[in-house]
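# Architecture and fold: a report
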Amino acid sequence: MNARQENSLGKVAVLMGGSSAERDVSIMSGTGVLGALRSRGVDAHEFDPSKRPLVDLQREGFSRCFIALHGRHGEDGTVQGALELLGIPYTGSGVMASSVAMDKVMTKRIWVADGLPTPRYARLAFDQQTLEQVRAVPDVLGLPLIVKPPREGSSIGVTKVKGYSEMQEAVKLAAGYDADVLCEEFIEGEEVTCAVLGTGQYARALPVVRIAAPDGAYDYQNKYFTDDVKYHCPSGLPPELESEIQHLSLAAYRTLGCRGWGRADLMIRASDRKPFLLEMNTSPGMTSHSLVPMSARAAGISYEDLCLQVLASATLDSAKPTQGEGQP
């Protein structure tokens, strides 16, 4: 993209901060994106939706938005819907795909319906969290298992439960972030992630990143604030397994209707090396520890070019697709 093309992007708002539990991470992501876009001559400005009404975007003549928000009111279709009403193109998935992907239970239902592998699970609605109902979950899913809020990210509110006595406290923690609680079969093995760029038939999977966290604790602290986690990209996986993970990530992305960019998180089961889909991130992190920039770099795409590619893909649900739209 040359200077003329960059100028054609117009006045750009980088949406960051917000009101979710991932606000701090969003600020880190947005700050990185803002600097990258400005370094390439884009007329980019910080915009925090928790401090200013979105209608200011229209009043101040912004032509498109780079969504660097994470979690609720940023990644869940709400901001996307507001931008649709304002007629301002935005990065990432549209209203429906954003809202579905934000809800891990709905995501898993769609993947299961399409025959895509994902760990077995149980949903505990707000009125299904009695002592007896909570205690019964390990009888179905086995131990250990994972308990998490279905509509949060960045490993917030997540507990690995190793015994029956830990279930109640884990559900209480998750319920502090969400009315419903997701209990999920624990897949023993390696955690990997696979970024996707583009839309529809033009979407392509980037190199897989293999994650090695201390004692398997790839939690909020280790994700963003320590250097204890080791990331391998190239992944070091056998080529056929890497290809299978990329194919599976693309299928997961497309079946949810995602566009622009995204990142699938998966586990590789140690016993048989089978990959399982965990979740789809439609507004991935762009911090110094983030995985999409790492994967892009392995594919020969710099951080700045990645930001420009994502920004150039900004669109609206109401926009008529053109031939080649979404091609990186």
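Placed above this text is the structure.
## Observations concerning the packing of aromatic side chains
Inspection of every chain in the model, using the stated rule, returns two aromatic pairs. Taking 6.4 Å as the distance between ring centres and 80° as the angle between the ring planes, the aromatic pair formed by Phe 47 and Phe 62 counts as edge-to-face. Placement of Phe 47 in strand E2 (residues 43-47) and of Phe 62 in the loop between helix H3 (55-59) and strand E3 (64-67) is noted, with a sequence separation of 15 residues between them. In this structure, Phe 47 and Phe 62 share a single accessibility class: buried. A centroid spacing of 6.0 Å and a plane angle of 65° characterise the contact between Phe 66 and Trp 261, whose relative ring orientation is edge-to-face. Taken together, the positions of Phe 66 in strand E3 and Trp 261 in strand E12 (residues 261-269) put the pair 195 residues apart, joining distant regions of the chain. The pair Phe 66 / Trp 261 is uniform in exposure class, with both members buried. A cation over a ring is seen here: Lys 11 above Phe 62, with NZ or CZ 4.5 Å from the ring centre.

## A short note on the pattern of salt bridges
All chains considered together, the criterion is met by 19 salt bridges. When the shortest N-O distance is used, the salt bridge between Asp 305 and Arg 40 registers 2.6 Å. Highlighted residues: Asp 305 in helix H12 (residues 303-312) and Arg 40 in the loop between helix H2 (23-39) and E2, separated in sequence by 265 residues. Of the residues examined, Arg 40 reaches a relative accessible area of 27% and is grouped as partly exposed. A salt bridge links Arg 52 to Asp 56, with the nearest nitrogen and oxygen atoms 3.7 Å apart. Arg 52 gets classed as partly exposed once you look at its relative accessible area, which sits at 26%. A residue is classified by how much of its surface remains accessible, and Asp 56, at 13% relative accessible area, is buried. Salt bridges linked by common partners bring Arg 72, Asp 103, Arg 123, Arg 151, Glu 152, Asp 178 and Asp 180 together as one network.

## With respect to the packing of H2 against H12
H12 packs onto H2 with a crossing angle of 95° between their chain directions and a minimal axis gap of 9 Å. Taken together, H2 and H12 sit at an angle that is classed as roughly perpendicular. Contact residues: H2 offers Ser 29, Gly 32, Val 33, Ala 36, Leu 37 and Ser 39, while H12 offers Tyr 303, Glu 304, Cys 307, Leu 308 and Leu 311. Classifying every residue of the contact of H2 with H12 gives seven nonpolar, three polar and one charged.

## Quick look at the nonpolar core
Counting 25 residues, the largest nonpolar core has Val 14, Leu 37, Val 42, Phe 66 and Leu 306 as the members making the most contacts within it. At the level of secondary structure, the elements contributing two or more residues to this core comprise strand E1 (11-15), H2, strand E8 (189-197), helix H11 (291-298) and H12. No other element matches the five residues that H12 contributes to this core.

Criteria and cut-off values
Residues numbered from 1 in each chain as written. Predicted model: local features only at pLDDT ≥ 70, side-chain atom pairs only at ≥ 80, totals over all residues. Heavy atoms only, no water. Phe/Tyr/Trp six-rings, centres within 6.5 Å; stacked < 30°, edge-to-face > 60°. Helix = DSSP H or I, 4+ residues; strand = E, 2+ residues; numbered from the N terminus. Buried < 20%, exposed > 50% of the residue type's maximum accessible area, 1.4 Å probe, protein only. Lys NZ or Arg CZ within 6 Å of the ring centre and 35° of its normal. Salt bridge = Lys/Arg side-chain N within 4 Å of Asp/Glu carboxyl O. Axes fitted to C-alpha atoms, helices over the stretch in contact; angles between N-to-C directions. Parallel < 35°, antiparallel > 145°, perpendicular 65-115°, else oblique. Contact = heavy atoms within 4.5 Å. Nonpolar A, V, L, I, M, F, W, Y, C, P; charged D, E, K, R; others polar. Core = buried A, V, L, I, M, F, W, Y, C linked by side-chain atoms within 4.5 Å.

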